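The lines below spell out each chain.
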Amino acid sequence: MNIAERFEVDFREKWTISAFLYLGLGAVVTQLRGSLLPNFQEAFGVSESLLGLVSPAGTVGFTAVALTAGMIAGRVNIRRSIQIGALLTAITTFAIGLSPGYFLFLSAILLRGMAGGIPGGLTRPVLGHLYPDNRGQIFNIHEAVWALGAACGPLLANLILRFANWRVAYYVAGAAFVPIFFLLVKNSRFSADIKEKPLTRDQLVKLLKSPVVMGVGVALFLNVGVEGGFFTWLPYYLSQSLPQSVANLALTGFIGAYVPGRLLNSYLTRKFALTDLLLFSSSITCVLLVVAFFLVSGYRQIWVIVAVGFFISTVFPNLFSLAADAFPEHSGPVNGLIMTFDPLGLSIVPVIMGIIAEAFGIQVAMRFLVIPIIGVIVTVFFLKRKFEDIQRFG
């Protein structure tokens with residue numbers, strides 16, 4: 001390797017590290033919301049149904065921008081767009097902490113989600129171009145970095161609440177995005193040719209007609225809805241009977257279990273069919289949800305909740321892989337279309353849970369999560385048959 005090639009690899013790796021730092025910090029900020037939900041209620045004096053709007057405020061903006069960014073990726077300067085998104089993320093994160101009223105607070109979360117949607121819709125295509133021979137590995141690392149960052153969110157919330165107001169958490173996070181922005185600018189000098197085709201109308205029509213793609217979308221919506229229910233409401237639920245610090249640590253344990261779950265999953269996908277893995281993990285998750293919210297209470301719940309995190313963590317990546325395997329020639333458009341179901345689940349299910357919590361109590365709301373996971377199991381049974389037909393007949 002000559003000097004020019006060595007510098008090329010050096011800048012590529014440094015940019016990748018910068019992008020992962022942005023991803024990890026973004027996951028930290030996302031998981032602050034659930035950990036600080038009781039503090040939001042105390043600060044703004046709102047009901048559980050209004051608290052349920054916290055999650056969709058962030059994910060709706062992210063969805064719209066990430067999908068748009070993915071569709072026009074072939075017409076914009078991708079690296080420059082990611083840099084702008086990182087800078088806007090820093091500014092809007094500060095704005096969340098500065099918000100004087102609840103609806104301004106929700107607006108700031110909405111804007112931050114929109115800012116994060118720019119890198120969210122473009123970073124994965126860049127990584128695919130930078131590591132064309134190791135896409136599976138780099139994408140698994142991508143998901144593991146998100147899980148590590150998300151697990152740190154409740155820890156940061158606990159640390160800040162010991163010494164300061166909840167708003168300080170957003171000031172600290174906003175400040176942390178600034179050096180990451182400069183790293184993304186400094187390390188964007190690799191010369192790799194990044195060409196991404198936007199999602200065309202014909203491709204969209206073809207994908208929308210596919211029962212496999214839409215089935216994956218439905219399963220993803222339901223599964224991510226369960227995850228979103230945990231992210232948003234688990235600390236609030238546990239803080240009714242346990243100290244808030246313990247409740248936040250339970251969320252850390254839940255998300256932290258994603259890391260070993262996904263690492264094991266990356267090995268098992270080479271040994272078993274994706275549909276079989278999906279049926280196994282979603283079925284075990286359903287049983288564990290029943291145990292956690294119907295049969296045990298107190299500190300024993302935490303261990304079961306961590307087990308839920310271990311098994312449910314594998315559903316998300318396996319669903320994405322299933323759709324890509326069904327249409328390998330359209331893996332990019334499939335990724336762009338499927339990812340829209342993710343924030344929809346994160347948005348809608350926590351809102352429904354907020355309404356249930358206000359009417360019947362938070363325990364009933366957590367028990368409600370058994371229903372969407374049953375929907376995942378039923379949908380995967382459908383997908384198993386359809387996917388096997390595609391492999392058999394083409």
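Bear in mind that the values here come from a model prediction, so they are computed numbers and not experimental data. (Residues numbered from 1 in each chain as written. Predicted model: local features only at pLDDT ≥ 70, side-chain atom pairs only at ≥ 80, totals over all residues. Heavy atoms only, no water.)

K.L.:
Help me understand the overall build of the protein in this model?
P.N.:
Broken down by element type, the protein carries 19 helices and zero strands. Scored against the burial criterion, the 394 residues of the protein give a buried share of 54%. Contacts in the protein between residues far apart in sequence, at least 24 positions, make up 85% of those at least 6 positions apart. When the accessible surface of the protein is totalled, it reaches about 17000 Å², and 67% of it is carbon and sulfur. (Helix = DSSP H or I, 4+ residues; strand = E, 2+ residues; numbered from the N terminus. Buried < 20%, exposed > 50% of the residue type's maximum accessible area, 1.4 Å probe, protein only. Contact = heavy atoms within 4.5 Å. Areas by Shrake-Rupley, 256 points an atom, 1.4 Å probe, with all protein chains shown as cover.)

K.L.:
Help me understand helix 14 (residues 299-312) in this model?
P.N.:
One turn of the α-helix equals 3.6 residues, which is why residues spaced by three or four share an orientation. In this model, helix 14 (14 residues) spans 21 Å end to end at C-alpha, consistent with the 20 Å of a helix rising 1.5 Å per residue. Of all the positions in helix 14, only Gln-301, Ile-302, Val-304, Ile-305, Val-308, Gly-309 and Ile-312 are classed as buried. (Expected span 1.5 Å × (residues − 1).)

K.L.:
Please explain the pattern of salt bridges as it appears in this structure.
P.N.:
Note on pairing: side chains with opposite charge can pair once their charged atoms come close. Evaluation of the coordinates by the stated rule reveals one salt bridge. Lys-384 is the salt-bridge partner of Asp-276, the closest N and O atoms lying 2.8 Å from each other. Here Lys-384 lies in helix 19 (residues 370-393) and Asp-276 lies in helix 13 (residues 274-295), a separation of 108 residues in the sequence. Overall, Asp-276 belongs to the partly exposed group, its relative accessible area being 37%. The partly exposed category is assigned to Lys-384, whose relative accessible area is 21%. (Salt bridge = Lys/Arg side-chain N within 4 Å of Asp/Glu carboxyl O.)

K.L.:
Sorry, what's going on with a nonpolar patch on the surface here?
P.N.:
A cluster of nonpolar side chains, namely Val-60, Leu-110, Leu-111 and Met-114, defines an oily patch on the protein surface of about 320 Å² accessible area. It is helix 6 (residues 102-130) that provides the largest number of residues to the nonpolar patch, a total of three residues. Looking at where Leu-111 falls in the secondary structure, it is placed in helix 6. (Patch = residues over 30% accessible without salt bridge, like charges linked within 9 Å, V, L, I, M, F, W, Y side chains within 5 Å.)

K.L.:
Sorry, what's going on with the packing of helix 13 against helix 14 here?
P.N.:
Where helix 13 contacts helix 14, the two axes come as close as 9 Å, and the packing angle between them is 165 degrees. In terms of axis orientation, helix 13 runs roughly antiparallel to helix 14. Like other packed secondary-structure pairs, helix 13 and helix 14 cross with a definite hand, here left-handed. In this structure, helix 13 uses Phe-280, Ser-281, Ile-284, Thr-285, Leu-288, Leu-289, Val-291, Ala-292 and Phe-293 to contact helix 14, whose residues at the interface are Gln-301, Val-304, Ile-305, Ala-307, Val-308, Phe-311 and Ile-312. Here the contact of helix 13 with helix 14 is built from residues that sort into 13 nonpolar, three polar and no charged. (Axes fitted to C-alpha atoms, helices over the stretch in contact; angles between N-to-C directions. Parallel < 35°, antiparallel > 145°, perpendicular 65-115°, else oblique. Left-handed = near helix turned anticlockwise from the far one by under 90°. Nonpolar A, V, L, I, M, F, W, Y, C, P; charged D, E, K, R; others polar.)

K.L.:
Honestly, the side chain of Glu-227 in this entry has me stumped. Any pointers?
P.N.:
Looking at where Glu-227 falls in the secondary structure, it is placed in helix 10 (residues 211-238). Buried charge without a partner: Glu-227 forms no salt bridge, and the closest opposite charge is Arg-262, 4.6 Å away. (Lys, Arg positive; Asp, Glu negative; His and termini not counted.)

K.L.:
How should I be thinking about the side chain of Thr-123 in this particular structure?
P.N.:
In this fold, Thr-123 is placed in helix 6. A distance of 2.8 Å separates a polar side-chain atom of Thr-123 from the backbone oxygen of Pro-119. Among residues more than four places away in sequence, those in contact with Thr-123 are Trp-15, Ala-19 and Ile-82. (Polar contact = N/O pair within 3.5 Å; in protein donor to acceptor, adjacent residues only side chain to side chain.)

K.L.:
Hey, could you run me through the nonpolar core in this one?
P.N.:
Across soluble globular proteins, you tend to see nonpolar side chains buried next to one another. If you look at the biggest cluster of nonpolar residues, it comprises 117 residues, and the most contacted ones within it are Phe-40, Phe-105, Phe-230, Leu-234, Phe-254, Leu-289 and Met-366. Counting residues per element, this core draws most heavily on helix 10, which supplies 15 residues. If we skip the residues at most four places from it in the chain, Leu-234 touches Gly-229, Ala-250, Leu-251, Phe-254, Ile-305 and Met-366. (Core = buried A, V, L, I, M, F, W, Y, C linked by side-chain atoms within 4.5 Å.)

K.L.:
When you look at the packing of aromatic side chains in this model, what are you seeing that I'm missing?
P.N.:
In this description, an aromatic ring pair is defined by two values, namely the gap between the centres and the angle between the planes. Counted according to the given criterion, the structure contains 23 aromatic pairs. Here Phe-44 and Trp-166 contribute two aromatic rings whose centre-to-centre distance is 5.9 Å and whose plane-to-plane angle is 65 degrees, an arrangement assigned as edge-to-face. Taken as a pair, Phe-44 in helix 2 (residues 37-44) and Trp-166 in the loop between helix 7 (135-163) and helix 8 (167-186) lie far apart in primary sequence, 122 residues in all. On the accessibility criterion, Phe-44 (16% relative accessible area) is buried. Under the relative-accessibility criterion, Trp-166 is labelled buried at 4%. Clustering of aromatic rings is evident, with ring pairs tying together Phe-40, Phe-44, Tyr-102, Phe-103, Phe-105, Trp-166 and Tyr-170. Geometry around Phe-294 places Arg-367 over its ring, the cationic atom sitting 4.6 Å from the centre. (Phe/Tyr/Trp six-rings, centres within 6.5 Å; stacked < 30°, edge-to-face > 60°. Lys NZ or Arg CZ within 6 Å of the ring centre and 35° of its normal.)

K.L.:
What is the right way to look at the confidence of the model for the protein in this model?
P.N.:
Close inspection of predicted coordinates is inappropriate for parts of the model with low pLDDT. On average, residues of the protein carry a pLDDT of 84, and 86% of them reach 70 or more. Mean pLDDT values for the elements of the protein range from 64 in helix 16 (residues 331-338) up to 95 in helix 18 (residues 362-367). The low-confidence segment residues 1-7, where pLDDT is below 50, has two contacts with residues more than four positions distant or belonging to other chains. (pLDDT = per-residue confidence, 0-100.)

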